[in-house]
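# Residue-level structure breakdown
Chain residues, written in single-letter form:
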There are 2 protein chains.
Amino acid sequence: MGNVDRIKNVAARVAKYHAQGDKIVVVVSAMSGVTDGLIKLAKDIMPLPSEREMDVLLATGEQQTIALTAIALHRLGIQAVSLTGAQAGIVTDGVHTKAKIHNITPKKTHEFLASGHVVIVAGFQGQTPEGQITTLGRGGSDLTAIALAAALKADLCQIYTDVDGVYTADPRIVTNATKLAEISYDEMLELASLGAKVMQSRSVEFAKKFGVIFEVRSSLNDNPGTIVKEETKNMEGVVVRGVSLDKNQAKVTVVKVPDKPGVAARIFKALGDATVNVDMIVQNISHGTGTPQTDISFTVDKVDLLKAQNVINSLKEELGFHDVITAEKIGKLSIVGVGMKSHTGVAGRLFETLAREGVNIDMISTSEIKISVVIDISKGETAMKAVHATFVN
Amino acid sequence: MGNVDRIKNVAARVAKYHAQGDKIVVVVSAMSGVTDGLIKLAKDIMPLPSEREMDVLLATGEQQTIALTAIALHRLGIQAVSLTGAQAGIVTDGVHTKAKIHNITPKKTHEFLASGHVVIVAGFQGQTPEGQITTLGRGGSDLTAIALAAALKADLCQIYTDVDGVYTADPRIVTNATKLAEISYDEMLELASLGAKVMQSRSVEFAKKFGVIFEVRSSLNDNPGTIVKEETKNMEGVVVRGVSLDKNQAKVTVVKVPDKPGVAARIFKALGDATVNVDMIVQNISHGTGTPQTDISFTVDKVDLLKAQNVINSLKEELGFHDVITAEKIGKLSIVGVGMKSHTGVAGRLFETLAREGVNIDMISTSEIKISVVIDISKGETAMKAVHATFVN
């Protein structure tokens, strides 16, 4: 489907809600290929272009879409008007390419809504109080939508994605996975951080902070999606909301580290300084005679594995550990549910299910509403199906 | 040459001036093909898209170029920063797609210049006092450059075009035409309105009004161009600065119009209402017995000929004229020079030259610094060469 047809489809969808008398603000992204094309132009000039200028450049992508979407609505006889991020009063900090929204002054949006317009706002962008153009980084358009919904006190915010909603598990793996009618912010956050790539965590965090109820739904059909909202009493009846499998992590084990205060701090400070994102961390009790020694294991995104190895190796002399072992063929299986808070024995049932399937557990990590285990990737899908059958259906 | 190479060329040129210690503001246009591509997208959605939204859409073209030009300067180790029209403080009226500049508040430009930056400003665009994005219409980037030069009190404004400068005649026709070192605003204005398509009249008018000295030069080489400035005493030594031939006009003659008060007003009011741009107008003395009758001839842009005919025909019953005759195969030959003010006999020498070449004169129109004649287009180039030889060299 070409860009013009996509824009016409968005307009047709908006027209339907407009006909019901809703006041509508639409947040749009750049057209397919536009952002990548602009990045290529910039990198053809200079491999590491200025982030300030990249923001000026990339902000044009969404600006094009807002104008074309407004025109597509005019074609359907609907009053519509476009606003850039700056015009919509989206004020951010000055961290170019990944700015944070400071506040929104939706004065113009209110005025245009009051005069009967559909307002089309450019996602992913804002401006600093000094008038510099900024962009919000990955998932920025979702964030714009949720932040605007908060500022406008919207009844509902719909996030259109390429998936139907949030499922109990990836339906490509677990064929009887079902779409959730609703999910709590915290569950959604855990799932977001677990590789269920529906939305970026910070958009969900923003929604949670400001109590924005939003619906994740598909841009390709009219099926109802999944409503994401504050946890309710009856949500706790369900122990496990969803099961996820993250295949994009790798494991690093630092073998026989002298077990003395400050060692873990040294390791993870160094990784943080190198912008390596560490997920799970496990440290067992000391063993051996003489100076006590321990093994420290952690997981990182696969793309960061080499960087993590280099960081650890650079500390070898200082810390005096024996070896660094890495494993890439791992999977992180997680179960998530606010019901875990009030149900006991969940971990036991999980481990039992895995044992029955002959799946060895490598690492374990828990939170109040989540249990994650690292297992061999070759057993990942078998394990996921079994766990889904145990806890969901 | 691709867009990236063009942008790198601009940066290299700026770098040269920068190395001389000049403070530089660069005004840029959209990359080749970008504006046309965006217009096509909009028209694919709706044949007559909203002018407000077209401005939002098309302003992205220049915004892309400013960012990429700044990046190209960074690559050369030069501090540079981009500003959109709005950021550069270019305030316009609200007439979308052809806005007029009201004023410029070059606060940010001054600040960035003071801190040693080259400032890259998006041409062709501005914003209304209410913050709506506007564009300035054809030739808008030249206008931005001249208006900014005025606001910043620049020493010099260079306009880069696809021609070397202003010539005494079109060198493709008159092989010994020479490039002018300088020309007055008024002469440039006459030439602009005569089909020498170097610049739009309104940019020249703006420069004249604010005394901005500018140079028209080529973006393809380093040759000095033509300086356009206020008339000086020694400019008057030259009778004819240039000769032009406009082949894009058509002639309309309204035959045997009853010669009574208000008839001409009626005709030209109707043409104006239909946005037909009328250039030369000639009305001869009345002839005939009974009610006096006259012929009124005028020229219009060829593209407007049909519209003009329709307008005149719609008045036939009301005005009672006999017929409308049109001629498309005409050329308008003009000589321009501030020296005409102080030299006599110029018209006589022009007519004599044309007579010698066997060129019949169809219409004559004069201003203080210009004489134009309408002739048969087949004699156009012969006439131009002869007139150039008589008055220039």
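Data block above holds the structure.
Model, not experiment: these values are computed from the prediction.

## Quick look at the sheet that holds strand β1 (residues 25-28) of chain A
Residue and element names in this part refer to chain A. Pairing in this open sheet of three strands is parallel, and the strands run β1-β5-β2 from one edge to the other. Edge positions in the sheet fall to β1 and β2 (80-83), since each of these pairs with one other strand and no more. For this sheet, the mean angle separating the axes of adjacent strands, direction not counted, is 25°. In the sheet, β2 pairs with strand β5 (residues 118-122) via four bridges, with the strands oriented parallel. Counted as the bridge partner of serine 82 is isoleucine 120 from β5. Packed onto the sheet, helix α5 (residues 140-152) meets β1 and β5 and runs at close to 160° relative to β1.

## Some details on the packing of helix α1 (residues 3-19) of chain B against helix α3 (residues 51-75) of chain B
Residue and element names in this part refer to chain B. Where α1 contacts α3, the axes come no closer than 9 Å and their chain directions differ by 55°. It follows from the interaxial angle that α1 and α3 lie oblique. The hand of the α1/α3 crossing is right-handed. Taking contact as the criterion, the partners of Ile7, Lys8, Val10, Ala11 and Val14 in α1 are, on α3, Leu68, Thr69, Ala72 and Leu73. Looking at the contact of α1 with α3 residue by residue, the class counts come to seven nonpolar, one polar and one charged.

## A closer look at the relation of the copies chain B and chain A
After a rotation of 180° and a shift along the axis of 0.0 Å, chain B superposes on chain A with an RMSD of 0.1 Å. The superposition of one copy onto the other is thereby described by a two-fold rotation axis. Residues of chain B ranked by C-alpha distance from the rotation axis are headed by Thr60(B), positioned 2.6 Å from it. Comparing contact sets, 100% of the residues at the interface of chain B also lie at the interface in chain A, consistent with an isologous, same-surface contact.

## A look at helix α2 (residues 34-45) of chain A
End to end, α2(A) covers 17 Å across twelve residues, agreeing with the expected 16 Å (1.5 Å per residue, within 8%). Of all the positions in α2(A), only Leu38(A), Leu41(A), Ala42(A) and Ile45(A) are classed as buried. The buried residues of α2(A) occupy one face: seen down the axis, they fall within an arc of 95°. Those residues of α2(A) that are exposed and aimed more than 90 degrees away from the buried face are Asp36(A) and Lys40(A). Buried residues belonging to α2(A) abut α3 (51-75) of chain A together with α1 and α3 of chain B.

## Side note on the sheet that holds strand β19 (residues 370-376) of chain B
All names here are of chain B. A sheet is described by the order of its strands in space; here four strands give the open sequence β12-β17-β19-β18, paired in antiparallel fashion. Both edges of this open sheet fall to β12 (242-246) and β18 (361-367), since each of them pairs with a single strand only. Strand-to-strand twist of the sheet, defined as the mean angle between neighbouring strand axes without regard to direction, takes the value 15°. Relative to β19, strand β17 (residues 330-336) runs antiparallel, the two sharing seven bridges. Within β19, the position partnered with isoleucine 330 by the bridge is aspartate 376. Across the sheet, helix α11 (residues 346-356) touches β17, β18 and β19, and the angle it forms with β19 is around 20°. In the packing of helix α12 (residues 380-391) onto the sheet, contacts are made with β12, β17 and β19, and the angle to β17 comes to roughly 10°.

## Some words on the environment of Asp155(A)
Following the sequence through the fold, Asp155(A) ends up in the loop between α5 and β8 (157-161). Asp155(A) sits 58 residues away from Ile213(A) along the chain, and the two C-alpha atoms are 7.7 Å apart.

## Topic: the packing of α3(A) against helix α2 (residues 34-45) of chain B
Where α3(A) meets α2(B), the axes come as close as 9 Å, and the angle between the chain directions of the two elements is 25°. Compared by their axis directions, α3(A) and α2(B) come out roughly parallel. The two elements α3(A) and α2(B) cross, and the hand of that crossing is right-handed. Two secondary-structure elements touch here, α3(A) through Gln64(A), Leu68(A), Ile71(A), Ala72(A) and Arg75(A) and α2(B) through Leu38(B), Leu41(B), Ala42(B) and Ile45(B). Residues belonging to the contact of α3(A) with α2(B) are distributed by class as follows: seven nonpolar, one polar and one charged.

## Describing the interface of chain B and chain A
Listed per partner, the contact involves 28 residues of chain B and 28 residues of chain A. Broken down by secondary-structure element, the contributors of at least two residues to the side of chain B that touches chain A are α1, α2 and α3 of chain B. Looking at which element gives the most residues to the side of chain B that touches chain A, the answer is α3(B), with 14 residues. Classifying every residue of the side of chain B that touches chain A by side-chain character gives 16 nonpolar, eight polar and four charged.

## So, the pairing of β12(B)
Residues and elements named next belong to chain B. Burial runs high along β12: five of the five residues are buried. Burial along β12 is two-sided: Gly242, Ser244 and Asp246 facing one way and Val243 and Leu245 facing the other are all buried. As judged from the five bridges shared by β12 and β17, these two strands associate in the antiparallel manner. Counterpart to valine 243 in the pairing with β17 is isoleucine 335.

How each quantity is defined
Residues numbered from 1 in each chain as written. Chains lettered and ligands numbered in written order. Predicted model: local features only at pLDDT ≥ 70, side-chain atom pairs only at ≥ 80, totals over all residues. Pairing = 2+ DSSP bridges. Helix = DSSP H or I, 4+ residues; strand = E, 2+ residues; numbered from the N terminus. Axes fitted to C-alpha atoms, helices over the stretch in contact; angles between N-to-C directions. Contact = placed C-beta atoms within 7 Å. Parallel < 35°, antiparallel > 145°, perpendicular 65-115°, else oblique. Left-handed = near helix turned anticlockwise from the far one by under 90°. Nonpolar A, V, L, I, M, F, W, Y, C, P; charged D, E, K, R; others polar. Least-squares fit on C-alpha atoms with pLDDT ≥ 70 in both. Expected span 1.5 Å × (residues − 1). Buried ≥ 20, exposed ≤ 12 C-beta atoms within 10 Å, placed from the backbone. Arc of directions from axis to C-beta.

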